[in-house]
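Spelled out from the first residue to the last, the chains are:
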Amino acid sequence: MDVDLRKLRYFVAVAEELHFGRAADRLHIAQPVLSRQIRALEDELKVQLFARTKRSTELTAAGRQLLDDARPLLASAEAMRRRVVQAARGPKTFTIGFMPGITVTPAVRAFSAVHPEVEVEVIRTTWVDQVDVLHDGRVDVSIVRLPIAQAGLSIRPLFEEPRVAMLRSDHRLAGKPEIDIADLADEHLLQPPDAVPEWRDIALELRTGKAKPVPEMRSVEEKMEHVAAGSGVSIIPLSVATFYQRPDVAAVPVTDIAANKVCLAWMASRRSPLIYDFAELAADIDWMR
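Below is a summary of the structure that appears in this document. (Residues numbered from 1 in each chain as written. Predicted model: local features only at pLDDT ≥ 70, side-chain atom pairs only at ≥ 80, totals over all residues. Heavy atoms only, no water.)

Glancing now at the pattern of salt bridges. Scanning the model with the defined rule gives 22 salt bridges in all. Residue Glu-16 pairs with Arg-71 through a salt bridge whose shortest N-O separation is 3.1 Å. Taken together, the positions of Glu-16 in helix H1 (residues 5–17) and Arg-71 in helix H4 (residues 61–89) put the pair 55 residues apart, joining distant regions of the chain. Across the salt bridge formed by Asp-194 and Arg-200, the nearest N and O atoms sit 3.0 Å from each other. (Salt bridge = Lys/Arg side-chain N within 4 Å of Asp/Glu carboxyl O. Helix = DSSP H or I, 4+ residues; strand = E, 2+ residues; numbered from the N terminus.)

Turning next to the sheet that holds strand E10 (residues 260–267). Here we have 5 strands laid out as an open sheet, ordered E4-E3-E5-E10-E6, and mixed in their pairing. The open sheet is flanked by strand E4 (119–124) and strand E6 (153–161), the only strands paired with a single partner. In this sheet, neighbouring strand axes are inclined to one another by 20° on average, regardless of whether the strands run parallel or antiparallel. Of the strand pairs in this sheet, strand E5 (residues 141–145) and E10 are connected by 4 bridges, and their pairing is antiparallel. In the sheet register, Val-144 faces E10, and the bridge partner there is Cys-263. Of the strands in this sheet, strand E3 (93–98), E5, E6 and E10 touch helix H11 (residues 273–283), which is tilted by about 165° from E10. (Pairing = 2+ DSSP bridges. Axes fitted to C-alpha atoms, helices over the stretch in contact; angles between N-to-C directions. Contact = heavy atoms within 4.5 Å.)

Let's shift gears to the side chain of Ser-142. Inspection of the secondary structure assignment puts Ser-142 in strand E5. Overall, Ser-142 belongs to the buried group, its relative accessible area being 0%. A distance of 3.0 Å separates a polar atom in the side chain of Ser-142 from the backbone oxygen of Gln-130. (Buried < 20%, exposed > 50% of the residue type's maximum accessible area, 1.4 Å probe, protein only. Polar contact = N/O pair within 3.5 Å; in protein donor to acceptor, adjacent residues only side chain to side chain.)

Buried residues dominate E10, accounting for 7 of its 8 residues. Pairing of E6 with E10 involves 8 bridges; the strand directions are antiparallel. If you follow Glu-160 over to E10, its bridge partner there is Lys-261.

Once that is clear, we can look at the nonpolar core. Counting 24 residues, the largest nonpolar core has Phe-94, Val-141, Ile-143, Leu-264, Phe-278 and Trp-287 as its most contacted members. Those elements that place two or more of their residues in this core are E3, helix H5 (105–114), E5, E6, E10 and H11. Examining the composition of this core, we find that 5 residues originate from one element, H11, more than from any other. The next biggest cluster of nonpolar side chains, apart from the first, holds 20 residues, and it includes Tyr-10, Ala-13, Phe-20 and Phe-50. (Core = buried A, V, L, I, M, F, W, Y, C linked by side-chain atoms within 4.5 Å.)

This is the structure in C-alpha cells:
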C-alpha cells in the first residue's frame, strides 16, 4: 500500500498539536477537511491513530509508532525535493551549517580555493535544528556540537573546547577566576540536565524533586536574557561565551566538567565527492585559532 505524503503531513501536524483546530490553522486548511483526511488515513492503514473525546485528542500506540516513522520519512522526501530543485538550477552549490561560536570562514576559503566553480552558502543552526538541517536537506554538512542523535549520520571529530558557567553579573560566583561544578549544586540550570551530567549528578533541586521547568529557548540570545534576569545559570562553550559577551552576564571557567566536542556531520547515505573533500579540508583547519 502506498501512503500519501500529504496525509502524513496532516497526521504529523495533528499528532504534534493534539488538537484538530490548531493543526488545521497550522496547515491553513479547514478543520472538516483535515478530519476527513485523518479518517481516510486510518481507513487505509486499518488502525486507529487518535483516541478522541470531547475534551482531548491523544495518540494511540499505533499513532505513536506512525509519528516516529513519519518524521524521518517526510524529512527524507523534503531533502529529495531540495536536491532535485538544486540540480535543476544548474550551478553547483554547497551549503554548510554551523553552530553559534564557530567561525567557518577558514574552512569556506579552503574549500573555495579547491572548488572555485562551487557556490558556498552557510546557515547558522541551533541546538534544536543542527541535525534536522541534514535530514531535510537544507545543508550538505553541519558543524555540530555533541551530543546529537547520530543515527543515519557520518561523524568526524574536529576539536574540543572548554565550557564556562554563565552567571548574572552580580552573582556570588561572578568574577572568580574559576569554579568547580559543585559550586553550582544549588543553582537552577537553564538547559536539560543531561547536557551537563556532572551537574545533574549533584544538583540539589533534582535530589529534592523541586526542579523548576526549563524555559523553551531557541537561541543563545534568549538564554542570555534568562541568565541576566536571574532565572538560573547556563553552561556553554567558551567560544559562544566570548562571542556573546554582555555587561550584565559573567562567564566563569568550570574546571571539572568535560569539554564540548565539535564534529562535522553529514548524511551517511550521501556519496558526494564535495562532502568528502570538505571533510578532509575541515580536519586540517585550526578551529581554535
